[in-house]
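For reference, the chains in residue letters:
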Amino acid sequence: MAPMQISTNLVAAPSRVRQTTFVALAVCLAAIVAACVIVVAGLTTSFATAPFSPRVQDGHIPEGATVSLDDDHLPAIGKLDPALLSAMREAATDAAGSGLDFPVASGWRSAQYQDWMLRIAVETYGSEDVARQFVATPEESSHVTGKAVDIGSVDAQSWLSQHGADYGLCQVYANEPWHYERLIDPGDVCPQMVPDASSAREG
Ligand SMILES: [Zn+2]
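Residues numbered from 1 in each chain as written. Predicted model: local features only at pLDDT ≥ 70, side-chain atom pairs only at ≥ 80, totals over all residues. Heavy atoms only, no water.

Per an unreviewed UniProt entry, the protein is named M15 family metallopeptidase, and its organism is Microbacterium lushaniae.

Participant: I'd like a rundown of the coordination of the zinc ion, residues and numbers included.
Facilitator: Every protein donor of the zinc ion is accounted for by His143 (NE2), Asp150 (OD) and His179 (ND1), and the metal-donor separations fall at 2.0 to 2.1 Å. Between consecutive donors of the zinc ion, the numbers of intervening residues give the motif H-x6-D-x28-H. Here His179 lies in strand β4 (residues 179–182) and His143 lies in the loop between α5 (128–131) and β2 (149–151), a separation of 36 residues in the sequence. By relative accessible area, His143 is classed as buried at 2%. (Donors = N, O, S within 2.8 Å, 3.2 Å for Na, K, Ca; no water. Helix = DSSP H or I, 4+ residues; strand = E, 2+ residues; numbered from the N terminus. Buried < 20%, exposed > 50% of the residue type's maximum accessible area, 1.4 Å probe, protein only.)

Participant: Describe the layout of surface pockets, listing the residues and the values that go with them.
Facilitator: As a volume, the largest pocket reaches approximately 690 Å³. Lining the largest pocket are 32 residues; nearest its centre among them are Ser106, Arg109, Met117, Val135 and Asp150. Within the residue set of the lining of the largest pocket, elements represented by two or more residues are β1 (104–106) and α4 (111–125). A per-class count over the lining of the largest pocket returns 17 nonpolar, eleven polar and four charged. (1 Å grid on protein atoms, 1.4 Å probe; cavity = no way out; pocket = protein on both sides within 12 Å on 5 of 7 lines; lining within 4 Å. Points joined across faces, edges and corners; volume = space filled by probe spheres on them. Nonpolar A, V, L, I, M, F, W, Y, C, P; charged D, E, K, R; others polar.)

Participant: Outline the nonpolar core, supporting the account with residue identities and numerical values.
Facilitator: Formed by 25 residues in total, the largest nonpolar core has its most connected members in Met88, Phe102, Trp159, Leu160 and Leu169. Listing elements by their share of this core, those giving two or more residues are α2 (75–78), α3 (82–96), β2 and α6 (154–163). Those residues in contact with Met88 that lie beyond four places of it in its chain are Leu69, Phe102, Val149, Ile151, Leu160, Leu169 and Tyr180. (Core = buried A, V, L, I, M, F, W, Y, C linked by side-chain atoms within 4.5 Å. Contact = heavy atoms within 4.5 Å.)

Participant: Which residues make up the side chain of Ser110, and what values go with them?
Facilitator: Relative to the helices and strands, Ser110 is located in the loop between β1 and α4. Contact partners of Ser110, with chain neighbours within four places excluded, come to Asp58 and Val144.

Participant: Talk me through the pairing of β4; I want residue IDs and the actual numbers.
Facilitator: Note: β2 against β4, two bridges, orientation antiparallel. Across the sheet, the residue bridging to Val149 is Tyr180, located in β4. Pairing between strand β3 (residues 169–171) and β4: three bridges, direction antiparallel. Its bridge partner being in β4, Cys170 is matched across the sheet by Glu181. (Pairing = 2+ DSSP bridges.)

Participant: Tell me what's going on with α6, and back it up with residues and numbers.
Facilitator: Residues of α6 that are buried: Ala156, Gln157, Trp159 and Leu160. Take α6 and look down its axis: the buried residues cluster within an arc of 160°, on one side only. Turned more than 90 degrees from where α6 packs its buried face, Val154, Asp155, Ser161 and Gln162 sit exposed. Considering only its buried residues, α6 is in contact with α3, β2, β3 and β4. (Arc of directions from axis to C-beta.)

Written as structure tokens, this is what we have:
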């Protein structure tokens, strides 16, 4: 009987090893799959909830940076409507004779950037209705279509309020003396301003 037992053990031993190896591999594989699922889920969640911070390619002009109408290597300037940009450059050239310059505070903005600005405004003012008086939605903003530019100099704003129409440039919102769009043919009369960005505009 003894040889039979040895023989059985010899046959059984490799089988147990194979079984143990298989279980160990299965556990490892399950652990790897679980880890992958956790990583992918984590990345998805962090992409969905990551706070957006505007980049140069969104048209962002960093605080304190001086940007001119000639900086068209920057998307904020380069993606402006050509008719608006050339009218504004012509105005800036003529105003330079009076010692004025036209620093650009904001030009073209991506829809994502505009949406972020609106969300910040809603947080700041605590109400969507009030925020909309200062920041348009991405669907309605003329910055997203490249048809608006904000001039960051009070003297230049004042010059544009007197001479802008000669270049087709008009202030649109009564509460935004910095925001200009090319709305008319040069020399025509600008349409009446609307109170703020939440107001319905003509045509
Ligand atoms: Zn503006």
